[in-house]
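Descriptive structure summary
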Amino acid sequence: MASEHHLIQIAATQLRCPMGSSASCWSSNIGGHDWRCDYTTNPSRGTVSLILLLPHGNIREPLNARFKFSLLDQKGRPVPSRTQASSFQNWLTRHRWEWICDDFITKEDLEQPEYRLADGPFTVRFDIALKPFAAKATDAFVTVPPSNLHQHLGNLLECKEGTDVTFQVAGGDMFPAHRCVLAARSPVFRAQLFGEMKESKQTAGGVIVEIEDMEAKVFGSLLRFIYTDSLPEADEDDGPMVHYQHLLVAADRYCLERMKLICQEKLCSHICVDSVARMLALADQHHCSGLKEACFDFLSSSTNLDLFTETDGFEVLTNSCPAVLKELLAKLATVLIFE
């Protein structure tokens, strides 16, 4: 299977064209075919749609292709709620050689500075994958695209329509949300918002829940995961290790097991002599067996173990988590026996 991606830049002024206007914003030859991307504006809905097409057609053999458009933020990261993808489709059997992403950019997006570069344009990433087509006796006449539920829920969170609870995080930041969505995803939120653990207060502005001991950025990422089942990439300024440590603690606090596993996977790639003590303490406190095993595997190297015992982290771990150290020694003893 062959795949590649291209970056398409569209000036914001072009997206405010009159009703019914359209223009080409990108073209390229991929897989021996000339592809083109057009956009059309619909001011009545305040949206912009993207259209991928083969302007010359002339498809004589099966062409099995899959596509994805993603709006990028200023740091070049895809915006989950502004990503649309297709499943693999045989373009030879299509009545029209085009794929339409309706309402890909909204009027609200045009006002969001985080989606625009310094000189004004928006950047859209286009991914395409081509693979050999294996003809089958039961070729499908209906192609079911991948689920885009996460996009709709992400839009719901962004537009704040129908929100019925507001979270006030330390520092005063406010996060409107939907109680039913939170309760469906987290048993802790369900208990806080509907059950015996109900921790909210009714004000003139609606239901407000105070969140303590959590940064606004972390709580925002937590909400984003609840609605879209994905996490934003860590900012380089914050440091990915610290970022995912905080997110792991938040995931454990609200019983979001998938988010917790994602954080463990990210942290496993940042285990080193200086961080392994903190990782082990974190894994022990929040019951992260995968992260703990990764730390034990790292320390199974005699070189890494010798360097680790010389650090302050070793002493801290000895005093704060003696059970973890005992488990580590038992693991190392088992390794030595079988060697």
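Our subject is the structure that appears above.
Residues numbered from 1 in each chain as written. Predicted model: local features only at pLDDT ≥ 70, side-chain atom pairs only at ≥ 80, totals over all residues. Heavy atoms only, no water.

Quick look at the nonpolar core
Formed by 58 residues in total, the largest nonpolar core has its most connected members in Phe167, Leu182, Phe189, Phe219, Leu222 and Met259. Ala65, Phe69, Leu71 and Phe104 belong to the second-largest nonpolar core, a separate cluster that totals 29 residues. (Core = buried A, V, L, I, M, F, W, Y, C linked by side-chain atoms within 4.5 Å. Buried < 20%, exposed > 50% of the residue type's maximum accessible area, 1.4 Å probe, protein only.)

Some points on the side chain of glutamine 264
Assignment of secondary structure puts glutamine 264 in helix H7 (residues 257-268). Residue classification places glutamine 264 among the buried positions, given a relative accessible area of 7%. Once residues within four sequence positions are removed from consideration, glutamine 264 is found in contact with Leu248, Cys288, Ser289, Gly290 and Leu291. (Helix = DSSP H or I, 4+ residues; strand = E, 2+ residues; numbered from the N terminus. Contact = heavy atoms within 4.5 Å.)

Overview of the packing of helix H5 (residues 216-228) against helix H6 (residues 240-253)
Closest axis-to-axis distance for the H5/H6 pair is 10 Å, and the angle between their directions is 60°. With respect to each other, H5 and H6 are oriented oblique. As H5 packs across H6, the resulting crossing turns out to be right-handed. The residues of H6 that touch H5, namely those facing Val218, Ser221 and Leu222, are His243, His246, Leu247 and Ala250. Along the lines of polarity and charge, the residues of the contact of H5 with H6 split into four nonpolar, three polar and no charged. (Axes fitted to C-alpha atoms, helices over the stretch in contact; angles between N-to-C directions. Parallel < 35°, antiparallel > 145°, perpendicular 65-115°, else oblique. Left-handed = near helix turned anticlockwise from the far one by under 90°. Nonpolar A, V, L, I, M, F, W, Y, C, P; charged D, E, K, R; others polar.)

Thoughts on the sheet that holds strand S3 (residues 33-42)
Strand order across the open sheet formed by four strands is S2-S3-S4-S8, with antiparallel pairing between neighbours. If you trace the sheet from one side to the other, it starts and ends with strand S2 (22-30) and strand S8 (98-106), each paired once. With direction set aside, neighbouring strand axes in the sheet form an average angle of 20°. Inspection of the sheet shows strand S4 (residues 47-53) paired to S8 by six bridges, in the antiparallel sense. Paired with threonine 47 across the strands is threonine 106, a residue of S8. (Pairing = 2+ DSSP bridges.)

Observations regarding the pairing of strand S11 (residues 174-177)
On S11, burial follows the alternation: Phe175 and Ala177 on one face are buried, whereas Met174 and Pro176 on the facing-out side are not. As judged from the four bridges shared by strand S10 (residues 165-169) and S11, these two strands associate in the antiparallel manner. Bridge pairing in S11 links glutamine 168 to methionine 174. Connecting S10 to the antiparallel partner S11 that follows it, the hairpin turn spans four residues, and glycine 171 within it adopts a positive phi of roughly 110°.

As for the packing of aromatic side chains
On inspection of all chains with the given rule, the structure shows 12 aromatic pairs. Consider the rings of phenylalanine 175 and phenylalanine 219, whose centres lie 5.4 Å apart with planes at 65°: the pair is edge-to-face. One end of the pair, phenylalanine 175, is in strand S11; the other, phenylalanine 219, is in helix H5, with 44 residues separating them in the sequence. Both residues of the pair, phenylalanine 175 and phenylalanine 219, count as buried. Note on phenylalanine 189 and tyrosine 254: the rings are 4.3 Å apart at their centroids and 15° apart in plane angle, and the pair reads as stacked. Within this pair, whereas phenylalanine 189 is found in helix H4 (residues 187-194), its partner tyrosine 254 is found in the loop between H6 and H7, the two being separated by 65 residues in sequence. A relative accessible area of 1% means that tyrosine 254 is categorised as buried. Ring pairing ties together the aromatic residues Trp26, Trp35, Phe67, Phe69, Trp99, Phe104 and Phe126, which thus form one cluster. (Phe/Tyr/Trp six-rings, centres within 6.5 Å; stacked < 30°, edge-to-face > 60°.)

Concerning the pattern of salt bridges
This structure, assessed with the given rule, holds 10 salt bridges. Here aspartate 38 and arginine 36 are joined by a salt bridge, their closest N and O atoms 2.9 Å apart. By relative accessible area, aspartate 38 is classed as buried at 14%. Given the relative accessible area of 26%, arginine 36 is considered partly exposed. (Salt bridge = Lys/Arg side-chain N within 4 Å of Asp/Glu carboxyl O.)

Examining the packing of H7 against helix H9 (residues 289-299)
In contact at an axis separation of 9 Å, H7 and H9 are set at 15° when each is read in the N-to-C sense. It follows from the interaxial angle that H7 and H9 lie roughly parallel. For H7 against H9, the interelement crossing comes out right-handed. Each of Gln264, Leu267 and Cys268 in H7 lies in contact with H9, whose residues at this interface are Ser289, Gly290, Leu291 and Ala294. Among the residues making up the contact of H7 with H9, the classes are represented as four nonpolar, three polar and no charged.

Nothing here speaks to function; it is geometry throughout.
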